[in-house]
Amino acid sequence: MQDSSRSMPDAPLVDPDVHVESFRQAREARRLELVEDYVELIADLIGDGGEARQVDIAARLGVAQPTVAKMLKRLAEDGLVQQRPYRGVFLTESGRMLAVQSRERHRIVEHFLCALGVSAETARRDAEGIEHHVSAETLEAFRAFTERKG
């Protein structure tokens, strides 16, 4: 009789150290995901209209302004943004670099999904989550596959 509690009954249980590292990487990716989403959105807002205001960030992310205020405080403490009274939010050099890196990862994942035949709209949405969770090795494989395909 098969054990229905395991999705792959023939696969051995992963070594505990490997398991711990996998979960650590996933937790770190989730932590960075929010930071990257914020700096990327701030960069987009500044690029589009010259400024990133807390109210606009809240509206685009679908969260309350106090949530944005708390995150902006964290981003400022991490040296990624500067807040100026009555002038909105600005990225530091570190924040700009992180936004560029995040946007490039998104672009690579999106192009990879399109190369697999996923519609452009679905690829854009799916890449938004995947981009934060792929390793550098996997991302490079996506990029190489896309270049060979195109």
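Keep in mind that this is a model prediction, so the values were computed, not measured. (Residues numbered from 1 in each chain as written. Predicted model: local features only at pLDDT ≥ 70, side-chain atom pairs only at ≥ 80, totals over all residues. Heavy atoms only, no water.)

Chemist: Sorry if this is basic, but what is going on with the pairing of strand E2 (residues 88-91) here?
Modeler: For a regular strand, side-chain orientation follows a simple rule: the groups alternate between the two sheet faces. Pairing of strand E1 (residues 81-84) with E2, which is carried by four bridges, proceeds in the antiparallel orientation. Its bridge partner lying in E2, Val-81 is registered against Leu-91. (Pairing = 2+ DSSP bridges. Helix = DSSP H or I, 4+ residues; strand = E, 2+ residues; numbered from the N terminus.)

Chemist: What is the right way to read the packing of aromatic side chains from this model?
Modeler: We describe a pair of aromatic rings using the distance from one ring centre to the other and the angle between the two ring planes. Counting across every chain of the model gives two aromatic pairs. Here the aromatic rings of Phe-112 and Phe-145 are separated by 5.4 Å at their centres, their planes lie at 70 degrees, and the arrangement is edge-to-face. Of this pair, Phe-112 sits in helix H4 (residues 93-115) while Phe-145 sits in helix H6 (residues 136-149), and the two are 33 residues apart along the sequence. For Phe-145, a relative accessible area of 25% puts it in the partly exposed group. Among the aromatic residues, those joined into a ring-pair cluster are Phe-112, Phe-142 and Phe-145. Geometry around Phe-90 places Arg-84 over its ring, the cationic atom sitting 4.5 Å from the centre. (Phe/Tyr/Trp six-rings, centres within 6.5 Å; stacked < 30°, edge-to-face > 60°. Buried < 20%, exposed > 50% of the residue type's maximum accessible area, 1.4 Å probe, protein only. Lys NZ or Arg CZ within 6 Å of the ring centre and 35° of its normal.)

Chemist: Would you mind going over the side chain of His-106 with me for this structure?
Modeler: Along the chain, His-106 falls in helix H4. At 2.4 Å, the side chain of His-106 forms a polar contact with the side chain of Glu-131. Leaving out residues up to four positions away in the same chain, His-106 has contacts with Glu-40, Arg-124, Ala-127, Glu-128 and Glu-131. (Polar contact = N/O pair within 3.5 Å; in protein donor to acceptor, adjacent residues only side chain to side chain. Contact = heavy atoms within 4.5 Å.)

Chemist: What am I meant to see in the packing of helix H2 (residues 54-61) against helix H3 (residues 65-77) here?
Modeler: For any two helices packed against each other, one specifies the inter-axial angle together with the distance between the axes. The contact between H2 and H3 brings their axes to 9 Å, and the two run at 110 degrees. Taken as axis vectors, H2 and H3 run roughly perpendicular relative to one another. Relative to H3, the crossing made by H2 is right-handed. Counting all contacts with H2, which are made through Gln-54, Val-55, Ile-57 and Ala-58, the residues of H3 involved are Gln-65, Val-68, Ala-69 and Leu-72. Its residues placed into classes, the contact of H2 with H3 shows six nonpolar, two polar and no charged. (Axes fitted to C-alpha atoms, helices over the stretch in contact; angles between N-to-C directions. Parallel < 35°, antiparallel > 145°, perpendicular 65-115°, else oblique. Left-handed = near helix turned anticlockwise from the far one by under 90°. Nonpolar A, V, L, I, M, F, W, Y, C, P; charged D, E, K, R; others polar.)

Chemist: So what exactly am I meant to see when it comes to unusual backbone geometry here?
Modeler: Among all residues save glycine, negative phi is the norm, and among peptide bonds the norm is trans. In this structure, Tyr-86 takes a positive phi of about 65 degrees despite not being glycine. Inspection of the secondary structure puts Tyr-86 in the loop between E1 and E2. Since its relative accessible area comes to 88%, Tyr-86 is described here as exposed.

Chemist: What should I look at first to understand the environment of Val-39 in this one?
Modeler: Looking at the secondary structure, you find Val-39 in helix H1 (residues 16-49). Not counting the four nearest positions on each side in its chain, Val-39 is found in contact with Leu-80, Leu-91, Gly-95, Leu-98 and Ala-99.

Chemist: What is the right way to read the pattern of salt bridges from this model?
Modeler: Side-chain pairs of opposite charge can arise where the charged atoms are in close proximity. Tallied over the entire structure, the rule returns 11 salt bridges. In this structure, the salt-bridge partner of Glu-93 is Arg-96, at a minimum N-O distance of 3.0 Å. Taken together, the residues span about one helical turn, with Glu-93 and Arg-96 both in helix H4 at a distance of three residues. The exposure class of Glu-93 is partly exposed, given its relative accessible area of 47%. Via salt bridges that share partners, Glu-51, Arg-53 and Asp-56 belong to a single interconnected network. (Salt bridge = Lys/Arg side-chain N within 4 Å of Asp/Glu carboxyl O.)

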